[in-house]
Amino acid sequence: MFNFPGKERDPDFHYKNNLLKSVTFQVKFQPNQAILERKKEIGDRLKSFPIVNPVFDVKAEFKIEKDKTPIVESGHQVSGFEYKDENNQKIIHLTLNALTFTIFGPSYTNFKNSFEEISTTLLPIMDLVEVNTFSRIAIRKVNLLEANVEEKAAPVGLISQPFNKFLVDHMLSNPGGKFIDSGLSSITFSNNFYRLNLNYGLLPQNVKIKNRQIILDIDLFSIEENVDKNRIGDELKKINDEIFNIFHWAIKEEFINKIN
């Protein structure tokens with residue numbers, strides 16, 4: 001897809017200690033009012049997500065009357081629902097035009113297990129509301145590393161520990177690179193229907209967190225129109241495989257060995 005070196009693995013492979021903050025799967029489709037009209041039936045199929053909250057579409061418009069100062073009127077309209085599991089580790093956002101499934105790091109094992117849940121729990125809901133084609137298929141994985149830094153240590157030295165040389169050089173190539181205290185680099189890729197946003201770097205110091213945080217955010221999606229529902233599994237797997245390749249390219253092998 002984007003020519004990152006391939007990395008073979010077993011279907012059941014997973015890291016003993018992953019670096020994931022969150023994993024998000026998303027599909028988009030044409031606006032469908034059945035998402036609201038069939039709320040009860042959808043809720044019946046999501047019994048393992050008992051915490052339900054409405055999702056609002058906030059709109060603002062100017063109300064103009066002759067010889068009067070225009071007034072901005074805002075309104076809240078329900079555009080879908082949010083479903084959470086009891087541990088707040090998995091969240092489903094189902095709106096009029098999108099299905100988003102987020103799993104927080106501690107609860108994520110691997111793509112195989114996650115897609116089983118998607119195919120048995122979430123995709124049947126698309127059948128229920130008669131959504132058969134999709135316009136955006138995406139996976140985003142946010143990795144977060146924490147490192148304990150001595151007060152006099154140079155924070156910028158941290159990013160050279162997990163990241164490969166290309167990413168480090170790309171970030172530190174400016175004349176003042178060695179003085180960087182925090183910063184994010186962003187690279188965008190495009191190939192046919194596929195788009196990749198690769199963000200990485202050192203987050204600003206958080207007074208509430210003693211350790212410094214390093215982020216690797218991989219957001220990969222397809223914008224192909226009218227993708228048949230029968231292709232969802234293949235597309236998600238293709239995207240996930242490339243994200244796995246990107247992760248293995250971006251992170252040094254010795255660092256990966258530590259977390260595995």
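Please refer to the structure placed before this passage.
Residues numbered from 1 in each chain as written. Predicted model: local features only at pLDDT ≥ 70, side-chain atom pairs only at ≥ 80, totals over all residues. Heavy atoms only, no water.

Looking at where H248 falls in the secondary structure, it is placed in helix 5 (residues 232-250). Within the local environment of H248, its side chain forms a polar contact with the side chain of Y15, the two groups lying 2.7 Å apart. Beyond its immediate stretch of four places on either side in the chain, H248 contacts K7, Y15 and I256. (Helix = DSSP H or I, 4+ residues; strand = E, 2+ residues; numbered from the N terminus. Polar contact = N/O pair within 3.5 Å; in protein donor to acceptor, adjacent residues only side chain to side chain. Contact = heavy atoms within 4.5 Å.)

Mapped onto the secondary structure, S22 falls in strand 1 (residues 20-28). By relative accessible area, S22 is classed as buried at 13%. Setting aside its immediate chain neighbours within four residues, S22 contacts T102, I103, F104, G105, R140, K141 and V142. (Buried < 20%, exposed > 50% of the residue type's maximum accessible area, 1.4 Å probe, protein only.)

The end-to-end C-alpha distance of helix 5, which contains 19 residues, comes to 27 Å, matching closely the 27 Å that a straight helix rising 1.5 Å per residue would cover. Across the 19 residues that make up helix 5, a large majority, 14, are buried. (Expected span 1.5 Å × (residues − 1).)

Our focus in this paragraph is the nonpolar core. Side chains of nonpolar character tend, in soluble globular proteins, to be buried together. Ranked by internal contacts, the top residues of the largest apolar core, which has 67 residues, are F25, M126, F163, L216 and F247. If we skip the residues at most four places from it in the chain, L216 touches K141, V142, N143, F163, L198, N199, Y200, F247, A250 and I251. (Core = buried A, V, L, I, M, F, W, Y, C linked by side-chain atoms within 4.5 Å.)

Moving on to the pattern of salt bridges. Tallied over the entire structure, the rule returns 15 salt bridges. With a closest N to O distance of 2.9 Å, D241 and K237 form a salt bridge. With D241 and K237 both in helix 5 and 4 residues apart, the pair spans about one turn of that helix. In this structure D241 comes out as partly exposed when scored by relative accessible area, which is 23%. Classification of K237 by relative accessible area gives partly exposed; the value is 43%. Salt bridges sharing common partners tie together R9, K237 and D241. (Salt bridge = Lys/Arg side-chain N within 4 Å of Asp/Glu carboxyl O.)

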